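Descriptive structure summary
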Amino acid sequence: MFYLYSILAIIGITSIVYLFFATRSLIRLMIPAFAGGGLFVGTPPEAIDDMIELAQIQPSDIVVDLGSGDGRLLIAAAKAGAKKSIGYEIQHWLVKQSRELIEKENLTDKIEIHPDSFWHVDVSSTNLVLLYQISYAMKGIEEKLQKELPIGARVVANGFKFPKWKEERTIDNVRLYRKN
Ligand SMILES: C[S@@+](CC[C@H](N)C(=O)[O-])C[C@H]1O[C@@H](n2cnc3c(N)ncnc32)[C@H](O)[C@@H]1O
């Protein structure tokens, strides 16, 4: 009888642990989809280099990442000399993780992370947007940036294209756009 209860207890505990991780993964998939953006996939290091190369960051640049994930693009922008880098991220675990990374890099005076949906913030005071979003979000983001960005602002996008804007330069799958 003891063995039977032990086996049942092990099965019970394993199921609870499995359910916890499965639910957490599901939530991490669902939150970005409901928020109208892509799930978290970090930009790979080579693409970050391409983005920084295309961005040609200046000391006066105010950089925004729409869906900042673990903050890697903002950290790269700050290290490349941007004045201020601002991230908007809908998933709280990523907000926490990115803030920890930024602290570790001693860049807290250069980078801010806001736990907000990028659809609900005004980005008119930025002149450089770094972007890695999902294909279905690109049309809406293009319209938002067309309305809000100042003329001459740059957008460097990894992965997916804007439907209307024409890229100024491309390296592999990374594109530089300029707001006209
Ligand atoms: C493909 S990842 C890119 C992460 C980071 N920018 C990078 O390049 O490594 C997209 C990120 O956008 C976030 N996201 C999706 N929809 C969002 C929304 N409406 N507002 C803010 N963040 C959002 C996701 O949680 C995810 O972290």
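Residues numbered from 1 in each chain as written. Predicted model: local features only at pLDDT ≥ 70, side-chain atom pairs only at ≥ 80, totals over all residues. Heavy atoms only, no water.

On to the site of the ligand. The immediate surroundings of the ligand are formed by 26 residues, with Thr43, Asp65, Gly67, Glu89 and Gln133 found nearest. At a separation of 2.9 Å, a nitrogen atom of the ligand approaches a polar side-chain atom of Asp65. A distance of 2.8 Å separates an oxygen atom of the ligand from a polar atom in the side chain of Gln133. For the ligand, the protein covers 99% of the area, taking 600 Å² as the surface of the free molecule. Each residue belonging to the shell around the ligand can be placed in one class, and the counts come to 12 nonpolar, 10 polar and 4 charged. (Near = heavy atom within 4 Å. Polar contact = N/O pair within 3.5 Å; in protein donor to acceptor, adjacent residues only side chain to side chain. Areas by Shrake-Rupley, 256 points an atom, 1.4 Å probe, with all protein chains shown as cover. Nonpolar A, V, L, I, M, F, W, Y, C, P; charged D, E, K, R; others polar.)

For Gln56, which is not a glycine, the phi torsion comes out positive at approximately 45°. Note on Gln56: relative accessible area 46%, which makes it partly exposed. The backbone of Asp172 shows a phi angle near 50°, a positive value even though the residue is not glycine. (Buried < 20%, exposed > 50% of the residue type's maximum accessible area, 1.4 Å probe, protein only.)

Position of Asp116 relative to the elements: it lies in the loop between β3 (111-114) and β4 (128-131). Along the primary structure Asp116 and Gln91 are separated by 25 residues, whereas in three dimensions their C-alpha atoms are 8.6 Å apart. (Helix = DSSP H or I, 4+ residues; strand = E, 2+ residues; numbered from the N terminus.)

Now for the domain arrangement of the protein chain. Much of the literature gives interface size as the accessible area that the parts lose upon coming together. When its domains are assigned, the protein chain resolves into domain 1 (1-34) and domain 2 (45-178). Between domain 1 and domain 2, the contact holds 4 residues from the first and 4 residues from the second. Together, Arg28, Ile31 and Pro32 form the three largest contributors to the area buried by domain 1 at its contact with domain 2, with a combined 88%. Where domain 1 meets domain 2, there are 0 salt bridges. If you look at where domain 1 meets domain 2, you find 0 residue pairs in polar contact (both at pLDDT 80 or more). Of the residues assigned to the side of domain 1 that touches domain 2, the class counts are 3 nonpolar, no polar and 1 charged. (Domains from an automatic or database assignment. Contact = heavy atoms within 4.5 Å. Buried area = accessible area lost by both parts, 1.4 Å probe. Salt bridge = Lys/Arg side-chain N within 4 Å of Asp/Glu carboxyl O.)

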